[in-house]
Amino acid sequence: MGIKNAAKKTIAYAKRNGLKAAFFAALERVSDNLKDKYEYIPPSKEALEEQAREYKAFAEAGNSVRFSIVVPLFNTPEKYLKDMIESVLAQTYGNFELVLADASDNTSDIAIEYMKEDPRIKYYHLETNGGISDNTNKGLEKATGDYIGLLDHDDVLTPDALYEVARLIRQSMKKNRLARYADCPIRLIYSDEDKFDDVKNVYYEHHGKPNFNMDYLFSNNYICHFAVMRADVIKRLKLRKKFDGAQDYDLFLRCCAEAALEMPSCGNQIAHIGKVLYHWRCHKNSTAANPASKTYAYEAGKAALEDICNKYNISADVEMLQHLGFYRINYEPDIFTGRKDVGCIGGKLLNKKGRLIGGAYTKEGTIMYKNLPEGYSGGLQHRAVLHQDCYAVDIRCIAVRDDLIPAFEQITGIKYEDTYTPALAKMSNVNNVVETGSRVDSNSADGSRENSKTVEAADDRFADFSEEDIISLSMKFGEEMKRRCLRSVWDPRARKSILGDKKQSKIEKQKS
């Protein structure tokens, strides 16, 4: 990102959220940039040749999944059009068709020439420009593949993109002993991505995504690119014109919610490839370079979330957060009322210095965002201030669904107390003043009130527990949620400050 563009972003952010919030955002951005040593390393020539040989063997055996890549065109600059088409033709996996749905005023001589040279390219000049969703749907109607991928007209794929997607599909087919690709349980596949500065010719802002995370998707369209969906699913759902600007987000929400909210387990239906398969081009008019260039898109994203809540009878208010394109669902009266897939929800724990020392845990028992300063959002994707699923939440700041309270007490050996709801209420109250009389700061990274300086009284229920004991019990309860196919949701807006290790040790000694 150029200095001029970065300055524009910072000024716009300050106007929306205040100088203090902008200061912390800029400070974090500088810190992230200093740590960012990202360099895109393309697959080696040898690896690409091996992929091509492997594809040829599958193709000769008549056992290769067919892809359709649908691209809506509209007054696409010649250079971008050529780069996009060439990136598809460079795929080591060859069983594809490139469907170009062109709503430009005039036909594209370039696209027509490519179509004459390669029959896999299908070019359609649309009679009218119906907008991004309608134009894409016209392309979907022409698509004949088993799976359909979406590609923007000014972006490019890596040469191994289709190969990696096909390999994942084959693995699922083999595991489930299936013969028809239409029967493959995987409905959506997405990959990591990065951005490409077409002026400096550099790749940057690597977006390494997590495996499927429904609550993170409810906070942000982290799936984005490269996304491939089973043909029957995407043709049934289609893109919806009323959500133009966030049409992909709306599509992913509906596709994933069908699996995550309607079925007991969706782990085999939504798959993530942890490799960069998509380069998101940055130029002065692109959303990638200038998020504020399409502010209507963020309103459309909010509307898409509201639509999902209405569809699944989830009583909630959707809030736009300080960072454009990021949202928060405020459940009414609580998350358990409308979300039967959620077993527990927890907040984050801060030490007296305002650093994160507990809250959400990975499968390995490590603390997510450990030692992150209060006021920081967790990097370019701001994950540390967003709702998300996690393996377990800390039992010191937790709310458990009523029918699961007996399991909580049996596993932990302590009497259950809802410590999450009071923590959330205190931090969400606009006029909140803490018991000590300290002033609460209103300029946090996620729009809630902060009080990282206030240290709360120790919870007597945990007086005899070490930090390791607490993590162990938190993990055991998280495992029980997984066994029941329920989600453990982390909500970083609920903050609970706890005594530092030395003070806690002193209290424990006094009690003993």
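K.L.:
Please set out the side chain of Arg281 residue by residue, giving values where relevant.
P.N.:
Residue placement: Arg281 occurs in strand β9 (residues 270–282). For Arg281, a relative accessible area of 3% corresponds to the buried category.

K.L.:
I'd like a description of the environment of Leu305, backed by residues and values.
P.N.:
Counting through the fold element by element, Leu305 comes out in helix α11 (residues 295–311). In this structure the C-alpha to C-alpha distance between Leu305 and Leu253, which are 52 residues apart in sequence, comes to 7.7 Å. Residue contacts for Leu305: discarding those within four places in its chain leaves Phe218, Tyr249, Leu253, Val318, Tyr327 and Ile329.

K.L.:
Which residues make up unusual backbone geometry, and what are the values?
P.N.:
A cis geometry characterises the amide bond from His225 onward to Phe226, with omega recorded as -10°. Position of Phe226 among the secondary structure elements: in the loop between α8 (214–217) and β8 (227–230). A cis geometry characterises the amide bond from Glu332 onward to Pro333, with omega recorded as -5°. Of note, the phi angle at Cys224 is positive, near 45°, even though the residue is not glycine. Looking at where Cys224 falls in the secondary structure, it is placed in the loop between α8 and β8. You can call Cys224 buried: its relative accessible area is 15%. Phi is positive for Asn313, close to 55°, though the residue is something other than glycine.

K.L.:
An account of the packing of helix α13 (residues 405–412) against helix α15 (residues 467–483) is needed here, citing residue identities and associated values.
P.N.:
Look at α13 against α15: their axes get within 9 Å of each other, and the N-to-C directions meet at 140°. Between α13 and α15, the angle is such that the two are oblique. The two elements α13 and α15 meet at a crossing, and its hand is right-handed. On the side of α13, the interface is formed by Ala407, Phe408, Ile411 and Thr412, while α15 contributes Leu473, Lys476, Phe477 and Glu480. Residues of the contact of α13 with α15, tallied by class, amount to five nonpolar, one polar and two charged.

The rules behind each value
- Residues numbered from 1 in each chain as written.
- Predicted model: local features only at pLDDT ≥ 70, side-chain atom pairs only at ≥ 80, totals over all residues.
- Heavy atoms only, no water.
- Helix = DSSP H or I, 4+ residues; strand = E, 2+ residues; numbered from the N terminus.
- Buried < 20%, exposed > 50% of the residue type's maximum accessible area, 1.4 Å probe, protein only.
- Contact = heavy atoms within 4.5 Å.
- Axes fitted to C-alpha atoms, helices over the stretch in contact; angles between N-to-C directions.
- Parallel < 35°, antiparallel > 145°, perpendicular 65-115°, else oblique.
- Left-handed = near helix turned anticlockwise from the far one by under 90°.
- Nonpolar A, V, L, I, M, F, W, Y, C, P; charged D, E, K, R; others polar.

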